[in-house]
Amino acid sequence: MQNLKLVSSGKQGRRTKIKVGSVVIGEGFVVVGGPCGVESEEQTIRTAEAVKAGGGMMFRGGAFKPRTSPYDFQGLGLEGLKILAKARDLTGLPIVTEVIDPRDVSWVCEFADILQIGARNMQNFSLLKEVGRSPKPVLLKRGMYSTLKEWLNCAEYILAEGNPNVILCERGIRTFETYTRNTLDLSMIPALKELTHLPVMVDPSHGTGKLSLVEKMSLAAIAAGADGLLVEVHINPCEAKSDADQQLNPEQFKQLMQKIRKLEQFMADPLFNTSITGGKEQ
Amino acid sequence: MKLDEIRHRIDLIDSKILKLLNDRMEQGLLAKRFKDQIVDPRREEEIMEKVKHNPNALVEKDFSEDLYKIILTQSKKLQGRELIITGFQGEHGAYSEEAVRLYNKDYVTLPCVTFNEVFEGVNSGMYDYGIVPVENTLGGIVGPVNELLLNTDLQIIGAIDMPVHHCLLMVPGTDHREIREVYSHSQALAQCRRFLSRNNLTPVPYFDTAGAAMMLAEKQPRGAACIAGKLAAKLYNLEVLKENIEDLSKNRTRFLLLSKGLPAEEGSKCTITFTTEHKAGTLFGVLELFASSGINLTRIESIPNEPGDYSFFLDFDGSFKDPNVIKTLEQAEKQTAGFKLLGCYNEKVIED
């Protein structure tokens, strides 16, 4: 692929590993759990404790929410960031949170460990440049109408500004299928693994929008070779202010984690390190 | 205008009223130092007369009279107590004030504009004690204080070494994205230099950290924040945008407590000051005395005096009642000029 100087894997087949606190993304399988939005201190901290107890390695939560309607809950903003930082102090879990405004980038860096660029902002180039100049790793979600090539070009923007730590996150795309919220495109995982050295994660919560599908797609993501998951967990999903239909409760998250660990052990067999190569190059 | 905006203003006014009441009580305590008796009926009558005829339409006569009866009663009650007054440089909420509260929470703290005012105030008997910062782990020595120490007759009766954690404070409701300028004392700004630069904030020096907080709360300049301690945030009703913004987490300041008299208890640490002749080995000769007596030096500082002339500060572990210390000091005095024992005191170390 042309013009992807920095994100391409090259011949050596090197892999980017990103160290965040005691977690290394690109080594083993990293699960990030947490609510869609930071709604209150109590909800956030209780969820963070549940994520930790369930075996999650990082905590996610939105303080700035890009919402379809301007009348929907927009997030707690700065207050939300302070709550997330408190959750990290209490649980030790590193924080992943979305940034939607270039003016917020330095402030989000003050409170969080990984900056998330949401699907709706994947091609917001001024935002990409700003996070490219920041010292924190960036989790770049795939835009809901984007091709793989467009997505990698966005990662290239960030690397070109000097930030080498980008994590790609597949979260589903819009297709003619309406049963699921999005069509989770798991074929992207092995494709990205061929094309780029960057770690790849999967968000099965947004990818399906259906609680009953989250677990199976999570396991499929591991089998497909993903480096981790971003999964929505809420202390009380029925009362969530956003994405109430796709967030796991703590017990469901714990069960999911047990299955993930089991499958991870199975996948650790060196047999899975090789794959069929060849075919016609594009 | 919405109800919550008005309520927000009311909260600000309330915090100012309480601050002014505190200021008034402070002045009462100071006035007592110049009076023979606490109660002065003529002065009270004078006050009540002015208060009754105040020109503020909504502060009605009956109300103002009732209010001032309560205020005067409280003021007299405070004057009746044997309160210990400690002067500090800065506005209320300054780190020096936090230091006093940590040293002894019962001491009453009174703000002074300059370090000199602290020394003068203790000298004149207006304050019982004064507290001054002498050195900071990031910023080094506090020059003006060390100069004043050289020429004072006051005694050091205590010391406190405490962690200093800076906070970025703003007027509640400010959009953090609009903040461009950050006001604070130049030392505090220097200790948060990297934080300011990575957030594209312009440092604006102000005479004092808590003073910057007070100014921010009162004038509410657009696009501005300040660096001060948590106590200042509470006193001036400011929102803590971020805690612990200092570039190095091990940021500590050492303060000295000064008095006209000697400390009540025996100390374990001493401070001396002296100058030496311009001859090879004179300073070494003094230091050698301490080395051969086995006395541990904890601080040595030189302060330029007149051009080409330096004064030295020496802190060491030991009591001036210890014969070994007495003997060493006698010998040191013979070898130096302007020798002075600034004090023998105990030091309180506050851990993080």
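Quick caveat: nothing in here was measured; it's all calculated off a predicted structure.

**With respect to the overall build of chain A**
1) Next: Scanning chain A from N- to C-terminus turns up nine helices and 10 strands.
2) Next: The C-alpha atoms of chain A give a radius of gyration of 18 Å, which matches the 19 Å a tight globule of 282 residues would have.
3) Next: In terms of overall dimensions, chain A has C-alpha extents of about 55 × 40 × 40 Å along its principal axes.
4) Next: A burial count over chain A gives 49% of its 282 residues as buried.
5) Next: Here the analysis covers contacts within chain A between residues at least 6 apart in sequence; of these, 68% occur between residues at least 24 apart.

**A closer look at the overall build of chain B**
1) Next: Per the secondary structure count, chain B includes 12 helices and 15 strands.
2) Next: Across its three principal directions, the C-alpha atoms of chain B cover 75 × 60 × 35 Å.
3) Next: For chain B, buried positions account for 34% of its 352 residues.
4) Next: Considering only contacts within chain B whose residues lie at least 6 apart along the sequence, 71% involve residues at least 24 apart.

**Some details on the nonpolar core**
1) Next: One finds Leu115, Val131, Leu140, Ala155, Ile167, Leu168 and Met201 of chain A to be the most contacted residues of the largest nonpolar core, which totals 75 residues.
2) Next: Those residues in contact with Leu140 of chain A that lie beyond four places of it in its chain are Ile117, Met122, Cys154, Ala155, Ile158, Val166, Ile167, Leu168 and Cys169 of chain A.
3) Next: Core analysis: the second largest hydrophobic core is formed by 72 residues, Phe119, Val122, Val171 and Phe313 of chain B among them.

**Regarding the interface of chain B and chain A**
1) Next: Taken together, the contacts link six residues of chain B with six residues of chain A.
2) Next: Residues that form the side of chain B that touches chain A fall into these classes: no nonpolar, three polar and three charged.

**Examining the sheet that holds strand β10 (residues 239-242) of chain B**
Residues and elements named next belong to chain B.
1) Next: The mixed open sheet is built from five strands, whose spatial order is β8-β7-β9-β6-β10. Of all the strands in the sheet, just β8 (202-205) and β10 have a single pairing partner and so form its edges. For this sheet, the mean inter-axis angle between neighbouring strands, taken without regard to orientation, is 40°.
2) Next: Alignment of strand β7 (residues 181-184) against β8, held across four bridges, turns out to be parallel. Within β8, the residue paired with Tyr183 across the bridge is Val204.
3) Next: Sitting on the sheet, helix α9 (residues 209-219) is in contact with β6 (167-170), β7 and β9 (224-228), with an inclination near 150° to β9.

**Some remarks on the packing of helix α4 (residues 125-132) of chain A against helix α5 (residues 148-160) of chain A**
Residue and element names in this part refer to chain A.
1) Next: In the contact formed by α4 and α5, the axes pass within 7 Å of each other and the chain directions differ by 40°. Between α4 and α5, the crossing angle belongs to the class labelled oblique. At the point where α4 passes α5, the crossing takes the right-handed sense. Where α4 approaches α5, its residues Phe125, Leu128, Lys129, Val131 and Gly132 are matched on the opposing element by Cys154, Tyr157, Ile158 and Ala160.
2) Next: Among the residues forming the contact of α4 with α5, the class breakdown is seven nonpolar, one polar and one charged.

**A closer look at helix α1 (residues 41-54) of chain A**
All names here are of chain A.
1) Next: The end-to-end C-alpha distance of α1, which contains 14 residues, comes to 20 Å, matching closely the 20 Å that a straight helix rising 1.5 Å per residue would cover.
2) Next: Those residues of α1 not exposed but buried are Gln43, Thr44, Thr47, Ala48, Ala50, Val51 and Gly54. Down the axis of α1, the buried side of the element spans an arc of 165°, and every buried residue falls inside it.
3) Next: Buried residues belonging to α1 abut β3 (30-34), β4 (58-60), α2 (78-91) and α9 (250-267).
4) Next: Phi turns positive, to about 110°, at Gly55, one or two residues after α1.

**Observations regarding the sheet that holds β4 of chain A**
Residues and elements named next belong to chain A.
1) Next: Spatial ordering of the closed barrel is given by β3-β4-β5-β6-β7-β8-β9-β10, a layout of eight strands whose pairing is parallel. This sheet shows a mean twist of 25° between the axes of neighbouring strands, independent of strand direction.
2) Next: Bridge count for strand β5 (residues 95-98) against strand β6 (residues 114-117) is three bridges, and the pairing is parallel. Within β6, the position partnered with Glu98 by the bridge is Gln116.
3) Next: The sheet strands contacting α5 are β7 (138-141) and β8 (166-170), and the helix crosses β8 at an angle near 160°.

**Here's the deal with the domain arrangement of chain B**
All names here are of chain B.
1) Next: Domains assigned within chain B are domain 1 (3-80), domain 2 (85-163 + 253-349) and domain 3 (167-247).
2) Next: Here the C-alpha centroids of domain 2 and domain 3 sit 31 Å apart.
3) Next: Opposite the 11 residues of domain 2 that make contact, domain 3 presents 15 residues.
4) Next: The residue inventory of the side of domain 2 that touches domain 3, partitioned by class, reads three nonpolar, five polar and three charged.

**Some thoughts on α4 of chain A**
1) Next: Those residues of α4 of chain A that sit buried are Leu127, Leu128, Glu130, Val131 and Gly132 of chain A.
2) Next: In this structure, the buried side of α4 of chain A is in contact with α3 (105-111), β6, β7 and α5 of chain A.

**Topic: the environment of Ser311 of chain B**
Residues and elements named next belong to chain B.
1) Next: In this fold, Ser311 is placed in strand β14 (residues 310-317).
2) Next: Residue classification places Ser311 among the buried positions, given that 22 C-beta atoms sit within 10 Å.
3) Next: It is 9.5 Å that separates the C-alpha atoms of Ser311 and Ala337, two residues lying 26 residues apart in sequence.
4) Next: If near-sequence neighbours (up to four positions away) are discounted, Ser311 is found in contact with Leu150, Thr273, Thr275, Ile303 and Asn305.

**Things to note about the environment of Glu239 of chain A**
1) Next: Within the secondary structure, Glu239 of chain A is located in the loop between β10 (228-232) and α9.
2) Next: Sequence separation between Glu239 of chain A and Asn153 of chain A is 86 residues; the distance between their C-alpha atoms is 38 Å.

**Quick notes on the packing of α1 of chain A against α2 of chain A**
Residues and elements named next belong to chain A.
1) Next: At a minimum axis distance of 9 Å, the contact between α1 and α2 shows a crossing angle of 35°. The two elements α1 and α2 cross, and the hand of that crossing is right-handed. In this structure, α1 contributes Glu41, Thr44, Ile45, Ala48, Glu49 and Lys52 to the contact, and α2 contributes Ile83, Leu84, Lys86, Ala87, Leu90 and Thr91.
2) Next: Looking at the contact of α1 with α2 residue by residue, the classes come out as six nonpolar, two polar and four charged.

**Focus on the confidence of the model for chain B**
1) Next: Averaged over chain B, the pLDDT score is 92; the fraction of residues at 70 or greater is 100%.
2) Next: When pLDDT is averaged over each element of chain B, β7 of chain B comes out on top at 98 and strand β4 (residues 140-141) of chain B at the bottom at 79.

Cut-offs applied
Along each chain, residue indices are assigned from 1 in the same order as the chain's sequence is written. Here the convention is simple: chains get letters from A, ligands get numbers from 1, in the order in which they are written. For a predicted model such as this one, the threshold for reporting local features is a pLDDT of at least 70, and the threshold for listing and counting side-chain atom pairs is 80 or more; totals across whole chains, interfaces and linings nevertheless cover every residue. Only DSSP runs of H or I with at least four residues qualify as helices, and only runs of E with at least two residues qualify as strands; both kinds are numbered from the N terminus onward. Two things to know: the radius of gyration comes from C-alpha atoms, and the globule rule equals 2.2 Å times the number of residues to the power 0.38. Around each residue's C-beta, the other C-beta atoms within 10 Å are counted; 20 or more make the residue buried, 12 or fewer make it exposed, and counts in between make it partly exposed. All C-beta atoms are placed from the backbone. Placing a C-beta atom from the backbone of each residue, one calls two residues in contact when those atoms lie within 7 Å. Working definition: the nonpolar core is a set of buried Ala, Val, Leu, Ile, Met, Phe, Trp, Tyr and Cys residues, joined through C-beta atoms within 7 Å. Three classes are used, and their members are as follows: Ala, Val, Leu, Ile, Met, Phe, Trp, Tyr, Cys and Pro are nonpolar, Asp, Glu, Lys and Arg are charged, and the others, Gly among them, are polar. For two strands to be treated as a pair, DSSP must find at least two bridges joining them. Angles here are taken between N-to-C directions and fall from 0 to 180 degrees, while the axes themselves are lines fitted to C-alpha atoms, restricted in helices to the stretch in contact. Any angle between 65 and 115 degrees counts as roughly perpendicular, while under 35 counts as roughly parallel, over 145 as roughly antiparallel, and the rest as oblique. Left-handed describes a crossing whose near helix is turned anticlockwise from the far helix by less than a right angle; the clockwise case is right-handed. Working rule for helices: expected span equals 1.5 Å times residues minus one. Note that the arc is computed from the directions linking the helix axis to the C-beta atoms. The split of the chain into domains comes from an automatic or database domain assignment. Looking at any residue, its pLDDT shows the predictor's confidence there, from 0 to 100.

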